[in-house]
Amino acid sequence: MLILLAVVLILLLGTDVGVAFGIGALVSYVIHVVWKMARFDPEWMTQEVTEKVEETLTEEVTESVEQTVSEEVEEATENVEQSVAEEVTEKVEQTVTEEVTENVEQTVTEEMTDIIEQLEQVNQRVDRRPRADEIDEMQDEEEDDDR
């Protein structure tokens with residue numbers, strides 16, 4: 001701002017006044033810088049730089065770790081879901097097959113046993129009935145007895 005003011009003064013009031021003002025502005029700036037450098041505290045600067053670096057690193061590391069962890073968790077979740085789905089499907093198929101086979105075998109065995117028992121009962125009834133020639137003989141004997 002002061003240099004701009006010096007240029008304006010050179011244009012309006014003349015070169016001598018503008019140059020004098022510009023040199024004065026530059027000298028005051030140099031004095032200000034020298035005074036600040038005299039108060040320079042290396043520990044304070046180190047501390048400030050360290051804090052800034054720590055903040056920056058913390059932010060970058062946090063973002064990087066969050067992103068990496070998020071990606072890894074997503075991959076792990078997908079892998080777990082796929083593995084669980086495959087294993088559950090296999091286990092369910094195996095269990096259902098075993099249970100159905102076992103139940104079918106048991107049911108068929110029970111039904112066959114019932115059918116065999118019924119056939120044996122029918123065979124016993126058939127064996128107790130007189131044959132056709134025995135019936136004829138019994139009828140002949142009754143007729144002979146009636147005469």
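Residues numbered from 1 in each chain as written. Predicted model: local features only at pLDDT ≥ 70, side-chain atom pairs only at ≥ 80, totals over all residues. Heavy atoms only, no water.

A. Quick look at the environment of threonine 89. One can find threonine 89 in helix H3 (residues 42-128). For the pair formed by threonine 89 and methionine 1, sequence separation is 88 residues and the distance between their alpha carbons is 78 Å. (Helix = DSSP H or I, 4+ residues; strand = E, 2+ residues; numbered from the N terminus.)

B. Focus on a nonpolar patch on the surface. A cluster of nonpolar side chains, contributed by Val80, Val84, Val88, Val92, Val96, Val100, Val104, Val108, Met112, Ile115, Ile116 and Leu119, occupies part of the molecular surface with about 1000 Å² of accessible area. With respect to the secondary-structure elements, isoleucine 116 resides in helix H3. (Patch = residues over 30% accessible without salt bridge, like charges linked within 9 Å, V, L, I, M, F, W, Y side chains within 5 Å. Areas by Shrake-Rupley, 256 points an atom, 1.4 Å probe, with all protein chains shown as cover. Salt bridge = Lys/Arg side-chain N within 4 Å of Asp/Glu carboxyl O.)

C. The arrangement of a negative patch on the surface in detail. Together, Asp136, Glu137, Asp140, Glu141, Glu142, Glu143, Asp144 and Asp145 make up a region of like negative charge exposed at the surface. Summarising the element assignment, glutamate 142 is placed in helix H4 (residues 132-146). (Lys, Arg positive; Asp, Glu negative; His and termini not counted. Charge placed at Lys NZ, Arg CZ, Asp CG, Glu CD.)

D. Molecular detail of the packing of helix H1 (residues 2-13) against helix H2 (residues 15-38). Where H1 meets H2, the closest approach of the two axes is 7 Å, and the angle between their N-to-C directions is 165°. Put simply, H1 runs roughly antiparallel to H2. Regarding H1 and H2, the two cross each other, and that crossing is right-handed. In this structure, H1 uses Leu2, Ile3, Leu5, Ala6, Leu9, Ile10 and Leu13 to contact H2, whose residues at the interface are Thr15, Val17, Gly18, Val19, Phe21, Gly22, Ala25 and Leu26. (Axes fitted to C-alpha atoms, helices over the stretch in contact; angles between N-to-C directions. Parallel < 35°, antiparallel > 145°, perpendicular 65-115°, else oblique. Left-handed = near helix turned anticlockwise from the far one by under 90°. Contact = heavy atoms within 4.5 Å.)

E. Representation of the confidence of the model for the chain. Mean pLDDT over the chain works out to 83, with 95% of the residues at or above the 70 mark. At the level of individual helices and strands, the chain shows its lowest average pLDDT in H4, which scores 74, and its highest in H3, which scores 87. (pLDDT = per-residue confidence, 0-100.)

F. Focus on H1. Along its twelve residues, H1 runs 16 Å from first to last C-alpha, staying within 8% of the 16 Å computed at 1.5 Å per residue. Of the residues flanking the end of H1, it is glycine 14, one or two places downstream, whose phi is positive at about 125°. (Expected span 1.5 Å × (residues − 1).)

G. The arrangement of the environment of glycine 24 in detail. Counting through the fold element by element, glycine 24 comes out in helix H2. For glycine 24, a relative accessible area of 37% translates into the label partly exposed. Sequence separation between glycine 24 and glutamate 59 is 35 residues, and the spatial gap between their C-alpha atoms is 45 Å. (Buried < 20%, exposed > 50% of the residue type's maximum accessible area, 1.4 Å probe, protein only.)

H. Molecular detail of H2. Look at H2: 34 Å from first C-alpha to last across 24 residues, which is about the 34 Å you get at 1.5 Å a residue. Along H2, the positions that sit buried rather than exposed are Gly18, Gly22 and Ala25. Elements in contact with the buried residues of H2: H1.

I. Representation of the environment of glycine 22 within the structure. Mapped onto the fold, glycine 22 is located in helix H2. Judged by relative accessible area, which is 13%, glycine 22 ranks as buried. Along the sequence, glycine 22 and glutamate 59 sit 37 residues apart, while their C-alpha atoms lie 45 Å from each other.

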